[in-house]
Amino acid sequence: MSGVRCPYQVLIASCGALSPLEIIKQLYQADTIPGGTHLLETIYAYPWSIDNKYYTAEIQLCTTDYKTIGDAQFAEDVDAFIVYFDSQQVKSFSNAKGWLPFLDLLKPEIKLLVCDRSSTVEGVGRSKVLDWCIDNSFELIELDPEQDSDNEDDFDFGETTGIKRLVQALHAHTWSNLQLRESPIIKSPFFSDTKYEQLENEQSQSDTDQKQSETDKKQSQTDQNESTTVDEAESDPKVNSDLDPDPGPSPSCCHSDSDQVDKTQDDANNKDNLKSQTSAIDNLLGVDVGQLNMMADKGEDCSEQEIETFERLFSQIKVMKEKADNLPNSERKHYAEQVAISFWKAMGGDDSEVTGLSDSD
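Residues numbered from 1 in each chain as written. Predicted model: local features only at pLDDT ≥ 70, side-chain atom pairs only at ≥ 80, totals over all residues. Heavy atoms only, no water.

Asker: I tried to follow the pairing of strand β6 (residues 110-115) on my own but got confused; where do I start?
Answerer: Regular strands place their side chains on alternate faces of the sheet. With 6 of 6 residues buried, β6 is to be regarded as a mostly interior element. Burial along β6 is two-sided: the face carrying Ile-110, Leu-112 and Val-114 and the face carrying Lys-111, Leu-113 and Cys-115 are both buried. In this structure, strand β5 (residues 78-84) lies alongside β6, joined through 5 bridges in parallel fashion. What sits directly across from Ala-80, in β6, is Ile-110. Where β6 lies against strand β7 (residues 139-142), 4 bridges are found, and the strand directions are parallel. (Buried < 20%, exposed > 50% of the residue type's maximum accessible area, 1.4 Å probe, protein only. Helix = DSSP H or I, 4+ residues; strand = E, 2+ residues; numbered from the N terminus. Pairing = 2+ DSSP bridges.)

Asker: Would you mind showing me how to read the packing of aromatic side chains here?
Answerer: The relative placement of two aromatic rings is captured by the distance of their centres and the angle of their planes. Tallying each qualifying case throughout the model produces 5 aromatic pairs. With a centroid separation of 4.9 Å and 50° between ring planes, the pair formed by Phe-81 and Trp-99 is classed as tilted. Residue Phe-81 is located in strand β5, and its partner Trp-99 is located in the loop between α3 (90-97) and α4 (100-106); the two are separated by 18 residues in the primary sequence. Grouping residues by exposure puts Phe-81 and Trp-99 together as buried. Considering the side-chain rings of Phe-93 and Trp-132, the 5.7 Å spacing of their centres and the 75° angle between planes classify their relative orientation as edge-to-face. In this pair, Phe-93 is assigned in helix α3 and Trp-132 in helix α5 (residues 126-135), connecting sequence segments 39 residues apart. Residue Phe-93 shares its accessibility class with Trp-132, and that shared class is buried. (Phe/Tyr/Trp six-rings, centres within 6.5 Å; stacked < 30°, edge-to-face > 60°.)

Asker: Explanation requested: the environment of Ala-80 in the structure shown.
Answerer: Take Ala-80: it is sitting in strand β5. Judged by relative accessible area, which is 0%, Ala-80 ranks as buried. Put simply, Ala-80 and Ile-110 are 30 residues apart on the chain and 4.5 Å apart in space, counted from C-alpha to C-alpha. Residues in contact with Ala-80, not counting those within four places in the same chain, are Gln-9, Val-10, Leu-11, Pro-108, Ile-110, Leu-170 and Trp-175. (Contact = heavy atoms within 4.5 Å.)

Below, the structure is given as structure tokens:
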């Protein structure tokens, strides 16, 4: 009586001494296996659970002693084909090649040619076997490869070989009924360590990029908060009253005595405002411009503390400029002149070159 079919099949055949059941035992990693289910003709099926770090899937490992496709439904269900041959026997290799017409009907996505060891000097030449595999989309898997053979370099790069590679190839297939794990935590013993390391490194890099993104976002928010604080300070009426004083009433177009008196009073107010403005900016800078003039007069007799004050002030030229930009044009020009002359003298410039400069120059 035929058993229940699983629509995901691996068909295993042998053209040598190693039987399909022995291959299944190695896949099971067990000396004995549960009884198989008779599907049809000479085909028996054995359940196999794929359970690795990434997904789970239930498939069937099917054996046959004869070349067959079973029936149309079975042929459609076969996803992988494994055939064993004896690399020491040319006839065994020919029998394995005899499966090609059947594979044209089965159309498996995975095709694996298995032998104990492929030699370059004995039996079927290794290069001949490899050429045939390439021409027919097979992968050659040696269960007991020689480390001193032509593929010696493969071992240097951690290539998986033997039964582990056979299982790995089946695990790598995208089975239609696979169930992905939400949190992959199980590591299949057949997946190469290098593959796991690669996946773990990619995950680690992703976590690092995410943390960096969060850090940049926090820094951006901090910068925005600081900018808002500065803007609020600059918009404070009390601060603006110092940095942007009322220049007084506009002069009249008429030239009467009273106008002249008003103009004189305006000039006095402007000077007071300029003095107040200069003092306000000096307070922001933490030093009076008058200190520069005092240090210029002392020359080399400046104390160490005064020199440090000059160096600190010199390093804040950019700050001076930014603060001066908030002044009305006339006050800004006067303040800039004061700072320039003071620096000139403090650096030992010739007084004669700045003598005679006035507010209108």
